[in-house]
Amino acid sequence: MRTENFNMITLALSKGRIFDETLPLLKTAGIEVLENPETSRKLILPTNQPDLRVVLVRATDVPTYVQYGGADLGVTGQDTLIEHCAEWGATGLYQPLDLRIAQCRMSVAVPAGFDYAGKVKQGARLRVATKYTHTAREFFAAKGVHVDIIKLYGSMELAPLIGMADAIVDLVSSGNTLKANQLVEVEHIMPISSHLVINHAALKLKQEPIRRLIGIFAAAIAQ
Ligand code: AMP
């Protein structure tokens, strides 16, 4: 008979940078994920701690899994978190720590040669393609720039190249993706890093193990 482990802590991570950069933080406390998500097709990965498992979800779904209790805690980019909370609210989501991993910046970029400053000065209306519609809308509203936001789910860089948008709002790390597509950064909107998010109810019900994990993350980033 299968029995539920009520002490089990579920940590939601997304594949790629967040997974890769969270592992060393866990390792400082001897916690290891026992399967490699690049080679395993499993979505629930055991760790060497019997009461801790990792679930692999899409980056944009991490706040949702944590908010609705599918996971007790998770690691999510601030970009994703801001968009999630703007749309769905932050009720039930405790955000105790900036883990300072997966660091990058959110920027506005335009095709090389596009007179962004001139257009802004003239009060021109700009078409902006982005996945980050709330952040972009707020940023341009605060600057008093009129924009039409075009929601895309990926490959934002393509939109200005084919004349669908004047500008994009996207994450920039090395700048190589922009360069490869003849785009230049014209505004830094904000620095971005990944944060720990925790389900409020889980924090109350499983206070001791979750507080222990928060302590492990806090100690790891202080090193
Ligand atoms: P880069 O060429 O290094 O500037 O990286 C830019 C590409 O990687 C863009 O497609 C970004 O959306 C994506 N990217 C960069 N940093 C991050 C991050 N921390 N989290 C998620 N996506 C990122």
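That block above? That's the structure.
If you're wondering where the values come from, they're calculated on a predicted model, not measured in any experiment.

Help me understand the site of the ligand in this model?
Near the ligand, the surroundings consist of Arg17, Ala102, Cys104, Glu157, Asp170, Leu171, Val172, Ser173, Ser174, Gly175, Asn176 and Thr177. Between the ligand and the protein, one listed contact pairs an oxygen atom with a backbone N or O atom of Ser173 at 2.8 Å. Within the backbone of Gly175, a nitrogen or oxygen atom sits 2.7 Å from an oxygen atom of the ligand. Relative to its unbound accessible surface of 490 Å², the ligand loses 69% to contact with the protein. At the level of secondary structure, the elements contributing two or more residues to the shell around the ligand comprise strand 5 (93–111), strand 8 (167–172) and helix 7 (176–180). Considering every element that reaches the shell around the ligand, the biggest residue donor is strand 8, with three residues. In the shell around the ligand, the residues fall into four nonpolar, five polar and three charged.

How should I be thinking about the side chain of Ser193 in this particular structure?
Structurally, the position occupied by Ser193 is in strand 9 (residues 183–199). A polar side-chain atom of Ser193 sits 2.8 Å from a polar atom in the side chain of Asp98. Leave out the neighbours within four places in its chain, and Ser193 touches Thr76, Gly77, Gln78, Asp98, Arg100, Ile101, Ala102 and Gln103.

What exactly am I supposed to notice about the environment of Pro191 here?
With respect to the helices and strands, the residue Pro191 is situated in strand 9. In this structure, the C-alpha to C-alpha distance between Pro191 and Gln78, residues 113 residues apart in sequence, is 9.0 Å. Those residues in contact with Pro191 that lie beyond four places of it in its chain are Gln78, Cys104 and Arg105.

So what exactly am I meant to see when it comes to the sheet that holds strand 2 (residues 44–46) here?
Two orientations exist for strands paired in a sheet by backbone hydrogen bonds: parallel and antiparallel. Here we have nine strands laid out as an open sheet, ordered 2-3-1-4-9-5-8-6-7, and mixed in their pairing. Among the strands making up the open sheet, the edge pair consists of strand 2 and strand 7 (147–151). Put simply, the sheet's adjacent strands are angled 25° from each other on average, direction ignored. Pairing analysis gives five bridges linking strand 4 (residues 73–77) to strand 9, with the strands arranged antiparallel. In the strand pairing of strand 9, Val75 is matched with Leu196. Most of the contacts of helix 9 (residues 207–222) go to strand 5, to which it runs at about 50°, and overall it touches strand 1 (9–13), strand 3 (52–56), strand 4, strand 5 and strand 9.

I tried to follow the pairing of strand 8 on my own but got confused; where do I start?
Side-chain positions along a regular strand alternate between the two faces of the sheet. Burial runs high along strand 8: five of the six residues are buried. With five bridges joining them, strand 5 and strand 8 adopt antiparallel strand pairing. Bridged to Met106 within strand 8 is Leu171. By the bridge criterion, three bridges tie strand 6 (residues 126–130) to strand 8 in an arrangement that is parallel. Bridge pairing in strand 8 links Val128 to Ala167.

What exactly am I supposed to notice about the packing of helix 1 (residues 17–27) against helix 9 here?
Any two packed helices are characterised by how steeply their axes cross, that is the angle between the axes, and by the distance between the axes. Contact geometry for helix 1 and helix 9: axes closest at 8 Å, N-to-C directions at 100°. By the criterion of interaxial angle, the relationship of helix 1 to helix 9 is roughly perpendicular. Note on element contacts: helix 9 touches helix 1 through Leu213, Ile216, Phe217, Ala220 and Ile221, opposite Thr22, Leu25 and Leu26.

Got a minute to help me understand a nonpolar patch on the surface in this structure?
Taken together, Leu158, Leu161, Ile162 and Met164 make up a surface patch of nonpolar side chains, about 360 Å² in accessible area. Along the chain, the position of Ile162 falls in the loop between helix 6 (158–161) and strand 8. Classification of Ile162 by relative accessible area gives exposed; the value is 57%.

I would appreciate a short explanation of the pattern of salt bridges in the present structure.
Opposite charge on two side chains allows them to pair when their charged atoms are near. The full count for this structure, using the stated rule, is seven salt bridges. Between Arg17 and Glu21 there is a salt bridge; the shortest N-O distance is 3.2 Å. Pair noted here: Arg17 and Glu21 are both in helix 1, with a separation of four residues, about one helical turn. Note on Glu21: relative accessible area 26%, which makes it partly exposed. Note that Glu187 and Lys143 form a salt bridge whose closest N and O atoms lie 2.8 Å from each other. Here the residue Glu187 occupies a position in strand 9, and Lys143 occupies one in helix 5 (residues 133–143), the gap between them amounting to 44 residues. Overall, the relative accessible area of 15% leaves Glu187 in the buried class.

Rules of the game
- Residues numbered from 1 in each chain as written.
- Predicted model: local features only at pLDDT ≥ 70, side-chain atom pairs only at ≥ 80, totals over all residues.
- Heavy atoms only, no water.
- Near = heavy atom within 4 Å.
- Polar contact = N/O pair within 3.5 Å; in protein donor to acceptor, adjacent residues only side chain to side chain.
- Areas by Shrake-Rupley, 256 points an atom, 1.4 Å probe, with all protein chains shown as cover.
- Helix = DSSP H or I, 4+ residues; strand = E, 2+ residues; numbered from the N terminus.
- Nonpolar A, V, L, I, M, F, W, Y, C, P; charged D, E, K, R; others polar.
- Contact = heavy atoms within 4.5 Å.
- Pairing = 2+ DSSP bridges.
- Axes fitted to C-alpha atoms, helices over the stretch in contact; angles between N-to-C directions.
- Buried < 20%, exposed > 50% of the residue type's maximum accessible area, 1.4 Å probe, protein only.
- Parallel < 35°, antiparallel > 145°, perpendicular 65-115°, else oblique.
- Patch = residues over 30% accessible without salt bridge, like charges linked within 9 Å, V, L, I, M, F, W, Y side chains within 5 Å.
- Salt bridge = Lys/Arg side-chain N within 4 Å of Asp/Glu carboxyl O.

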